[in-house]
Each structure stands twice: as structure tokens, then as C-alpha cells.
Amino acid sequence: GLVALATVSDVVPLQGENRIFVSAGLAALRSSPHPGIRALLECARVGTLPLTTDDVAFRIGPRLNAAGRLSKPGVVIDLLTSTDLAEARRLARQLADANATRRRIEQKVLVAATEQAEELLSREERRSLVVHGEGWHRGVIGIVAARLVDRHQRPTVVIGFEGSDGRGSCRSSQDVDL
């Protein structure tokens with residue numbers, strides 16, 4: 001189950017043995033007696049039907065990944081090692097809250113980055129984009145870069161600054177290997 005969770009959450013291609021691991025792992029997750037997994041599935045409201053890769057990719061994985069993006073990965077470890085269902089439910093709610101916070105931060109950065117990108121593109125034809133902003137959270141700049149690539153079909157660099165220190169993330173379209 002954990003292998004399926006990690007494989008789908010990290011967007012690993014579902015080919016060869018990965019496909020087999022994920023297929024068996026989704027069934028294992030659904031029937032898991034583990035309090036952390038049970039609480040995570042409850043909180044993500046995935047129902048009682050067999051789990052799908054979409055359930056993991058869009059409802060469960062983002063909750064787990066949000067903790068790391070917001071510099072709180074210990075919550076995931078605590079959840080997955082919890083032996084108490086009540087504690088696991090509390091931790092799963094904490095992850096859901098972190099994911100909601102991540103979404104708000106991401107949306108704010110995406111709006112600013114999109115405005116910058118569109119301003120750059122309105123002035124001249126560009127083969128790539130570099131956008132930046134003060135206080136752009138480093139945990140979401142990779143997602144924002146990917147969204148800009150989807151929208152503009154160009155290699156994109158997004159840099160978040162904290163004072164004079166910047167952290168960037170690069171994403172590319174399929175035809176350009178970074």
C-alpha cells in the first residue's frame with residue numbers, strides 16, 4: 001500500500017513492475033487496518049469503492065506532499081506510524097489543513113507569476129520565461145512553474161526571494177530537456 005501511495009504521489013510512470021505494485025497496493029490501502037491509512041482515507045473522503053490512481057494523485061497524495069512543502073514533514077511520519085485512530089484522525093485533519101494552506105499560497109503566487117509572465121510575453125516573443133517575486137513560498141514554486149509551462153508551453157524558471165536569497169525551480173515543455 002505504501003509503495004502504491006509513494007509511486008502515484010511522486011508521479012512515477014505506471015509501467016512494468018510499477019503498474020503491478022500500484023494495482024496490488026491500491027487494494028492493500030483500501031483494506032489496511034493501519035490507523036494512519038484509515039484516517040487518511042476517511043479525511044480524503046474517498047468513499048468505499050475500490051481506490052483509483054486518481055484518488056491517490058488528487059485527494060491523498062497532495063495532503064501528504066503539502067506537509068513537506070510547508071516544512072512540516074514530521075506530521076506525515078507521525079500519521080503513518082500512529083497506532084491510535086483518534087490521534088491518526090487528528091493528524092490527517094492537520095494534513096488536510098496544510099493542503100488547504102498550500103493551495104491558498106500556491107494560488108497567490110500563481111496569480112502574481114502569471115501576471116509577470118503575460119507581461120513579459122506581451123512585450124516580446126520569448127522562448128522561455130523567468131519570473132520572480134519577494135516572499136514567494138519555496139514549497140510551491142515548482143508547482144507554479146509547472147502550471148506556467150502548461151499554460152505557455154515554454155521552459156520556465158520561477159524564483160522566490162527572501163531578501164537577497166532566492167530559491168528557484170525550473171520546469172520544461174516536452175521538447176526542451178533542461
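Preceding block: the structure.
Reference entry: report on the structure contained in this document. Computed from a prediction, not measured in an experiment: that's the story for all the values here.

### Structural notes on the overall build of the protein chain
Helices and strands together make up the secondary structure of the protein chain, namely 7 helices and 3 strands. Overall, the protein chain shows an N-to-C arrangement of helices and strands of α-α-α-α-α-α-β-α-β-β. Along the first, second and third principal axes, the C-alpha atoms of the protein chain reach 55 × 40 × 25 Å. Burial statistics for the protein chain: of 178 residues in total, 39% are counted as buried. Across the protein chain, 24 positive and 21 negative side-chain charges occur, with their mean positions spaced 5 Å apart.

### Here's the deal with the nonpolar core
Judged by nonpolar contacts, the single largest core of 26 residues is most densely connected at Leu5, Leu51, Ile60, Leu64, Leu79 and Leu95. For this core, the elements supplying multiple residues, two or more each, are helix H1 (2–9), helix H2 (17–30), helix H3 (35–44), helix H4 (53–69), helix H5 (74–81) and helix H6 (85–123). By residue number, the principal contributor to this core is H3, which donates 6 residues. Val109, Trp136, Val144 and Ala145 belong to the second-largest nonpolar core, a separate cluster that totals 14 residues.

### Quick notes on the environment of Val46
With respect to the helices, strands and loops of the structure, Val46 is situated in the loop between H3 and H4. In sequence terms Val46 and Ile60 are 14 residues apart; their C-alpha atoms lie 8.6 Å from each other. When sequence neighbours within four positions are dropped, the list of residues in contact with Val46 reads Arg30, Leu41, Leu51, Asp55, Arg59 and Ile60.

### A closer look at the pattern of salt bridges
Enumeration according to the criterion identifies 7 salt bridges in this entry. Of the charged contacts, one joins Arg123 and Glu119 as a salt bridge, the two residues approaching to 3.6 Å between their closest N and O atoms. Taken together, the residues span about one helical turn, with Arg123 and Glu119 both in helix H6 at a distance of 4 residues. Several salt bridges share partner residues, and in doing so they unite Arg102, Glu106 and Arg147 into one network.

### Focus on H4
Roughly 45° is the biggest bend found in H4, and it falls at Gly61, with proline Pro62 one to four residues downstream. Listed as buried for H4 are Asp55, Val56, Ile60, Gly61, Pro62, Arg63, Leu64, Ala66 and Ala67.

### Notes on the sheet that holds strand S3 (residues 165–171)
Within the open sheet, the 3 strands sit side by side as S1-S2-S3. Their pairing is mixed. This sheet does not close on itself; its edge strands, each paired only once, are strand S1 (129–134) and S3. Averaged over all pairs of adjacent strands, the angle between their axes in this sheet comes to 15°, without regard to strand direction. Summarising the sheet, S1 and strand S2 (residues 156–162) pair through 6 bridges and their orientation is parallel.

### Section: the side chain of His152
In this fold, His152 is placed in helix H7 (residues 141–152). A residue is classified by how much of its surface remains accessible, and His152, at 13% relative accessible area, is buried. Those residues in contact with His152 that sit more than four places away from it in its chain are Ala117, Glu118, Leu121 and Leu129.

The rules behind the values
Residues numbered from 1 in each chain as written. Predicted model: local features only at pLDDT ≥ 70, side-chain atom pairs only at ≥ 80, totals over all residues. Heavy atoms only, no water. Helix = DSSP H or I, 4+ residues; strand = E, 2+ residues; numbered from the N terminus. Buried < 20%, exposed > 50% of the residue type's maximum accessible area, 1.4 Å probe, protein only. Lys, Arg positive; Asp, Glu negative; His and termini not counted. Charge placed at Lys NZ, Arg CZ, Asp CG, Glu CD. Core = buried A, V, L, I, M, F, W, Y, C linked by side-chain atoms within 4.5 Å. Contact = heavy atoms within 4.5 Å. Salt bridge = Lys/Arg side-chain N within 4 Å of Asp/Glu carboxyl O. Bend = angle between axes of the 7 residues up to and from the residue. Pairing = 2+ DSSP bridges. Axes fitted to C-alpha atoms, helices over the stretch in contact; angles between N-to-C directions.

In short, the description is geometric, and any link to function would need to be established separately.
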